[in-house]
Amino acid sequence: MENKLDGNAAAGPLQAIFPFEMTLVQATCTCCGTTNAIGAVAAYMHGMGAVLRCPVCDTALIRLSHTKGRYFLDMRGVRVLQINAEAQSTTV
Ligand SMILES: [Zn+2]
C-alpha cells in the first residue's frame, strides 16, 4: 500500500542524498512542463522509499528507493532541477 502525501514527506531520504534542501528545489516535469517545488508535488511513500509525482499529469518525477545499503534514484521524469544556491541546507 502507498500513502499519498506531499513532497515534504520525502525530505528525509532526499536529504540523505542531496546536499541542499530538496523540498525547495523546483522540478520541471518532462511530460507536461509544469514546474513545482519538490515539497509541493505528490509523494507516495512505501517501505523502501518514495515516488514523487507531478500534480498535473501524474508522471513519476523521482523514484527513490533505499535497499541493501544503496540508494536507487530514478529521475527520468525531471527535465530540469532549479536549485537556489541561497537556500542550501544548513544542517551540514
Ligand atoms: Zn507533469
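Keep in mind it's a predicted model, so treat the numbers as computed, not measured.

Undergrad: Any chance you could explain the coordination of the zinc ion here in plain terms?
TA: Four donors placed tetrahedrally around a metal ideally meet at 109.5 degrees, and six donors placed octahedrally ideally meet at 90 or 180 degrees. The protein atoms donating to the zinc ion are C29 (SG), C32 (SG), C54 (SG) and C57 (SG), with metal-donor distances spanning 2.3 to 2.4 Å. Around the zinc ion, the four donor atoms sit at angles spanning 102 to 114°, and that spread fits a shape best called tetrahedral. All donor residues of the zinc ion come from one chain, and their arrangement in sequence is C-x2-C-x21-C-x2-C. The class for C57 is partly exposed, based on a relative accessible area of 29%.

Undergrad: In this structure, what is going on with the sheet that holds strand β6 (residues 60-67)? I would like to understand it.
TA: Two strands in a sheet stick together by hydrogen bonds in their backbones, pointing the same way (parallel) or opposite ways (antiparallel). Read across the sheet, five strands follow the order β1-β4-β5-β6-β7 without closing on themselves; strand pairing throughout is antiparallel. Both outer strands of the open sheet, β1 (3-6) and β7 (70-74), are each paired with one neighbouring strand and no more. Averaged over all pairs of adjacent strands, the angle between strand axes in this sheet comes to 20°, irrespective of strand direction.

Undergrad: Any chance you could explain unusual backbone geometry here in plain terms?
TA: Trans peptide bonds make up the majority, and among non-glycine residues the majority have a negative phi. Of note in the backbone geometry, D58 takes a positive phi value of approximately 70° without being a glycine. If you trace the backbone, D58 turns up in the loop between β5 (49-53) and β6. Judged by its relative accessible area of 40%, D58 falls in the partly exposed class. Its identity as a non-glycine residue notwithstanding, K68 has a phi of 50°, on the positive side.

Undergrad: Looking at this structure, I do not really get the pairing of strand β2 (residues 26-29). What am I missing?
TA: Successive residues of a regular strand alternate their side chains across the two faces of the sheet. Here three bridges tie β2 to strand β3 (residues 35-37), and the two strands are oriented antiparallel to one another. Looking across to β3, one finds that A27 is bridged to N36. Bridge analysis of β2 against strand β8 (residues 78-82) gives four bridges, and the strand direction is antiparallel. Of the residues in β8, the one forming a bridge with Q26 is Q82.

Undergrad: Explanation requested: the sheet that holds β8 in the structure shown.
TA: Here three strands make up an open sheet; going across it, the order is β3-β2-β8 and the pairing antiparallel. Bordering the open sheet on either side are β3 and β8, each of which pairs with just one other strand. Recorded for the sheet is a direction-independent mean angle of 25° between the axes of neighbouring strands.

Undergrad: It is not clear to me how the pattern of salt bridges should be interpreted in this structure. Could you clarify?
TA: Any two side chains of opposite charge can pair, given that their charged atoms come close. Under the definition given, this model contains two salt bridges. The partner of D74 in a salt bridge is R76, and the shortest N-O contact between them spans 2.7 Å. A relative accessible area of 19% places D74 in the buried class. In the salt-bridge network here, residues are joined through shared partners; they are R63, D74 and R76.

About the criteria used
- Residues numbered from 1 in each chain as written.
- Predicted model: local features only at pLDDT ≥ 70, side-chain atom pairs only at ≥ 80, totals over all residues.
- Heavy atoms only, no water.
- Donors = N, O, S within 2.8 Å, 3.2 Å for Na, K, Ca; no water.
- Tetrahedral: all angles 85-135°; square planar, octahedral: opposite > 155°, others 65-115°.
- Buried < 20%, exposed > 50% of the residue type's maximum accessible area, 1.4 Å probe, protein only.
- Pairing = 2+ DSSP bridges.
- Helix = DSSP H or I, 4+ residues; strand = E, 2+ residues; numbered from the N terminus.
- Axes fitted to C-alpha atoms, helices over the stretch in contact; angles between N-to-C directions.
- Salt bridge = Lys/Arg side-chain N within 4 Å of Asp/Glu carboxyl O.

In short, the description is geometric, and any link to function would need to be established separately.
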